Amino acid sequence: MRPPVAPPGWSRWLVPPAALSVHLSIGQAYAWSVFKPPLESALDLSGTQSALPFQLGIVMLGLSAAFGGTLVERNGPRWAMSVALVCFSSGFLIAALGAATSQYWLIVFGYGFVGGIGLGIGYISPVSTLIKWFPDRPGMATGIAIMGFGGGALIASPWSAQMLETFGDDSSGIALAFLVHGLSYAVFMALGVVLVRVPRTEGAVVPGAPAPLDGPQVSARQAVRTPQFWCLWVVLCMNVTAGIGILEKAAPMITDFFADTSAPVSASAAAGFVALLSAANMAGRIGWSSASDLVGRKNVYRLYLGAGALMYLLIARFGDDSKPLFIVCALVILSFYGGGFATIPAYLKDLFGTYQVGAIHGRLLTAWSLAGVLGPLIVNWVADRQEEAGKHGPGLYGVSLTIMIGLLVVGFVANELVRPVHARHHISAAKEPSDDDAAESAAAESAADTDDAERSAK
């Protein structure tokens, strides 16, 4: 499937809606918790078992993004969005069959494995194209799209709950809900497939903006050999681990913190708190990533990691004394969590150029795969151990909050170590190699200016 090239006069503002149609769909993953209680009841599952489809989906997201990133760059966004559509929708259909036949392994395989591949390919499908369309505002452009992934649950959660209420929360009702999801998301994602276009490669597509391959360029294969890539890998992993730890445990955490106070938190209020966190996650993706276009990527990650550690410290020390303080700190942490996802593609573009930024981004998302397991594991395992030791309330989370502060400090140090990429890793900006091997052979010929990377590293 050849990448569709935009005709003269094509508006670049049609590309963000194409990206949003995919990201709002795959963002349903954050609403998986709606299906957990019905599945546990209908199929006699434990809480750990009912989390398997989500956990496998996040793992496959990172792995498929890493291994499929180069294919996405080579075949273009329309191919990638089509693959994401087929895999994500098929995952729901397989899960529907599993629910209808009470075969839980089919739900895990369909939603987690097959759907997870759709998550990964769909997540990176528009990134490189958006950066090339918006070289003047890459943070804003990727923030718009990735905001959709964070906001997908705001649509999917009430929609899924309503379907379960209408169809029933037994195995047949769950199966029908999965079926409707699969078919509906296929139609919605098809809008992105139809709308997406790549910019013309000759010259700039926006008056006054740089051409897509202006400045230093680094291939995906070379990028993973640089210390800059691994510094950013640590940065993303630490930021995501800290954020997802609160996100996965949000409702029970706020309930436990104020269980022994004069104003305990009800189940409905805890659910409202989760919705607020989702909104902060979504707002941070567009807000902080747009701010990074003005203040620089390194500076905004200093904020994410440094202020994030401070927010965790405030929760650990004073969180049970004040509900407003607890809520505000949690909202700020989740805004940094979302902002970190949305800003990282622009950070990669500043350091490695636009040549294979989508493939580089895919490889970096393996950090998310680890963090998606590590964050919930830290919070839940420590809370279980503390409960066995006889502690309760805020005492369940003191150790895990301290661990999160330490992880954010590690991420802060890694961000400070980021420097411009050495010229030996660059390819020639005047000639686009056809594959990674050609990129490596051209690296020795490059003497491109590193001004863009230097501005990012300030």
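Right, let's walk through the structure included here. Not measured: the values here are computed from a predicted model. (Residues numbered from 1 in each chain as written. Predicted model: local features only at pLDDT ≥ 70, side-chain atom pairs only at ≥ 80, totals over all residues. Heavy atoms only, no water.)

1. Focus: the packing of aromatic side chains
Tallying each qualifying case throughout the model produces 27 aromatic pairs. Note on Phe257 and Phe326: the rings are 4.9 Å apart at their centroids and 50° apart in plane angle, and the pair reads as tilted. Taken together, the residues span a long stretch of sequence, with Phe257 in helix 12 (residues 250-257) and Phe326 in helix 15 (residues 323-352) at a distance of 69 residues. For the pair Phe257 and Phe326, a shared accessibility class is recorded, and that class is buried. Across the ring face of Trp10, the terminal group of Arg197 is positioned such that the distance to the ring centre comes to 4.6 Å. For Lys323, the ring lying beneath its charged end belongs to Phe258, and the centroid distance is 5.8 Å. (Phe/Tyr/Trp six-rings, centres within 6.5 Å; stacked < 30°, edge-to-face > 60°. Helix = DSSP H or I, 4+ residues; strand = E, 2+ residues; numbered from the N terminus. Buried < 20%, exposed > 50% of the residue type's maximum accessible area, 1.4 Å probe, protein only. Lys NZ or Arg CZ within 6 Å of the ring centre and 35° of its normal.)

2. Quick notes on unusual backbone geometry
In this model, Asp44 sits at a positive phi of 55°, which is unusual for a non-glycine residue. When you line up the elements, Asp44 lands in the loop between helix 2 (36-43) and helix 3 (47-50). Within the chain, Ser102 stands out as a residue other than glycine whose phi angle is a positive 60°. Its location among the elements puts Ser102 in the loop between helix 5 (77-100) and helix 6 (104-124).

3. Details of the packing of helix 16 (residues 357-364) against helix 17 (residues 366-388)
Packing of helix 16 against helix 17 brings their axes to within 4 Å, and their N-to-C directions diverge by 25°. The pairing of helix 16 with helix 17 is recorded here as roughly parallel in orientation. Note on element contacts: helix 17 touches helix 16 through Thr366, Ala367 and Trp368, opposite Gly362, Arg363 and Leu364. Here the residues of the contact of helix 16 with helix 17 are counted per class, giving 3 nonpolar, 2 polar and 1 charged. (Axes fitted to C-alpha atoms, helices over the stretch in contact; angles between N-to-C directions. Parallel < 35°, antiparallel > 145°, perpendicular 65-115°, else oblique. Contact = heavy atoms within 4.5 Å. Nonpolar A, V, L, I, M, F, W, Y, C, P; charged D, E, K, R; others polar.)

4. Let's talk about the pattern of salt bridges
Under the definition given, this model contains 8 salt bridges. For Asp350, the salt bridge identified is with Lys349, shortest N-O distance 3.9 Å. Here the salt bridges share partners, and the residues they tie into one network are Asp293, Arg297, Lys349 and Asp350. (Salt bridge = Lys/Arg side-chain N within 4 Å of Asp/Glu carboxyl O.)

5. So, the packing of helix 8 (residues 138-167) against helix 15
For the pair helix 8 and helix 15, interaxial distance at closest approach is 8 Å and the crossing angle is 145°. The two elements helix 8 and helix 15 meet at a crossing, and its hand is right-handed. Here Pro138, Gly139, Thr142, Gly143 and Ile146 of helix 8 lie close against helix 15, whose contacting residues are Phe341, Ala342, Pro345, Ala346 and Lys349. Its residues placed into classes, the contact of helix 8 with helix 15 shows 6 nonpolar, 3 polar and 1 charged. (Left-handed = near helix turned anticlockwise from the far one by under 90°.)

6. Description of helix 15
The terminal C-alpha atoms of helix 15, which comprises 30 residues, lie 43 Å apart, in line with the 44 Å expected from a rise of 1.5 Å per residue. The buried count for helix 15 comes to 23 of 30 residues, which makes it a mostly enclosed element. One side-chain oxygen at the N-terminal end of helix 15 lies 3.2 Å from the backbone nitrogen of Leu325; it belongs to Ser322. Where helix 15 terminates, the next one or two residues include Gly353, which has phi positive at roughly 80°. (Expected span 1.5 Å × (residues − 1). Polar contact = N/O pair within 3.5 Å; in protein donor to acceptor, adjacent residues only side chain to side chain.)

7. A word on the nonpolar core
Inside soluble globular proteins, nonpolar side chains tend to come together where they are buried. Core analysis: the largest hydrophobic core is formed by 118 residues, its most contacted members being Phe178 and Trp368. With 14 residues, the top contributor of residues to this core is helix 15. Counting 11 residues, the second largest nonpolar core, distinct from the first, contains Ala6, Leu20, Phe134 and Met140. (Core = buried A, V, L, I, M, F, W, Y, C linked by side-chain atoms within 4.5 Å.)

8. Observations regarding the side chain of Arg285
Considering the arrangement of structural elements, one finds Arg285 in helix 13 (residues 267-295). Setting aside residues no more than four positions away along its own chain, Arg285 makes contact with Tyr30, Tyr123, Gly143, Ile146, Met147, Phe149, Gly150, Tyr337, Gly338, Gly339, Phe341 and Ala342.

9. Topic: the environment of Tyr337
Among the secondary structure elements, Tyr337 is positioned in helix 15. The buried category is assigned to Tyr337, whose relative accessible area is 0%. If we ignore the near neighbours within four places in the chain, the residues touching Tyr337 are Tyr30, Asn239, Val240, Gly243, Ile244, Leu247, Asn281, Arg285 and Trp368.

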